[in-house]
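Read off the chains here:
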Amino acid sequence: DGDLAGPVLFCLIFAICLLLAGKVHFGYIYGVALVGTVSLHWFFKLMSDLSVDFVRTASVLGYCLLPLVPVAFLGIAMPLNNSLGYVISAISVLWSAYSASGFFVSMLKLDNVRPLIAYPLAMFYSVFVLMAVFKD
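Residues numbered from 1 in each chain as written. Predicted model: local features only at pLDDT ≥ 70, side-chain atom pairs only at ≥ 80, totals over all residues. Heavy atoms only, no water.

(A) Quick peek at the overall build of the chain. Across its full length, the chain holds six helices and zero strands. Its helices and strands taken in sequence order, the chain reads α-α-α-α-α-α from the N to the C terminus. Here the C-alpha coordinates of the chain stretch approximately 45 × 30 × 20 Å along the principal axes. Of all 136 residues assigned to the chain, the portion counted as buried reaches 45%. By sequence separation, contacts in the chain at least 24 residues apart represent 74% of the contacts at least 6 residues apart. A total accessible area of about 7,400 Å² is found for the chain, and carbon and sulfur atoms account for 72% of it. (Helix = DSSP H or I, 4+ residues; strand = E, 2+ residues; numbered from the N terminus. Buried < 20%, exposed > 50% of the residue type's maximum accessible area, 1.4 Å probe, protein only. Contact = heavy atoms within 4.5 Å. Areas by Shrake-Rupley, 256 points an atom, 1.4 Å probe, with all protein chains shown as cover.)

This is the structure in C-alpha cells:
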C-alpha cells in the first residue's frame, strides 16, 4: 500500500537536521524528491509490463530515505566534508539504494535486473547526501 505520511516525515526530519547544521534546503529537498520520484516512476513503468502506482513508488522511495537521516543528524555535530563523512555517506546511499531496489524488483516482478534498478536509485539518494555533506 502507498503511505506518504512516513516519507513526508522523513523528508521533514532530514530538512530540519540540515537546517540545524546551517543549510537551508527545504525547497531543494522537496523539488529533488518530486522530480526524482516522477522520473523514477516513469523509468520503472517503462521497464515492466505491470502497472506501477505513483503513490507506491513515492512511498518506497521515501521510506528508503531513512538511512540518510542519521547522516544529516551527524552533520549537526561534526563536519561531514572529510573521509569519515564520505564513508558514512556512501554506506547510507548504498543501503538506501539496495533496500529500494529490493522493493522495486519484487513489486515489478523482474528477475536479474537489480543492478539496473539500483543505479538510478543510488544517483537519486546521492543528491540528498550531497546536500548533507557539502556547504552551500
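(B) Broad picture of the side chain of histidine 41. Tracing the chain through its elements places histidine 41 in helix α2 (residues 26-47). Accessibility expressed as a relative area gives 6% for histidine 41, which makes it buried. Once residues within four sequence positions are removed from consideration, histidine 41 is found in contact with Val52, Asp53, Phe54 and Thr57.

(C) Structural context of the nonpolar core. By size, the foremost hydrophobic cluster in this structure holds 38 residues, and its most contacted members are Phe14, Phe104, Ile117, Leu121, Tyr125 and Phe128. The set of elements that each furnish at least two residues to this core consists of α1 (5-20), α2, α3 (54-63), α4 (69-77), α5 (83-108) and α6 (114-133). Here this core takes 10 residues from α6, the largest share from any one element. Once residues lying within four places of it in the same chain are set aside, the contact partners of phenylalanine 104 are Phe44, Thr57, Val60, Leu61, Ile117 and Leu121. (Core = buried A, V, L, I, M, F, W, Y, C linked by side-chain atoms within 4.5 Å.)

(D) Unusual backbone geometry, seen in detail. Despite not being glycine, lysine 109 shows a phi value in the positive range, around 55°. Its location among the elements puts lysine 109 in the loop between α5 and α6. In this structure, asparagine 112 is a non-glycine residue whose phi angle is positive, near 60°.

(E) Spotlight on the packing of aromatic side chains. Per the stated rule, a full pass over the model turns up seven aromatic pairs. Their ring planes at 55° and their centres at 5.6 Å tell us that phenylalanine 43 and phenylalanine 44 sit as a pair that is tilted. Under the relative-accessibility criterion, phenylalanine 43 is labelled partly exposed at 29%. Joined through ring pairs, the aromatic side chains of Phe14, Phe124, Tyr125 and Phe128 make up one cluster. When the ring centre of tyrosine 98 is taken as origin, the NZ or CZ atom of arginine 114, which lies over that ring, is 4.0 Å away. (Phe/Tyr/Trp six-rings, centres within 6.5 Å; stacked < 30°, edge-to-face > 60°. Lys NZ or Arg CZ within 6 Å of the ring centre and 35° of its normal.)

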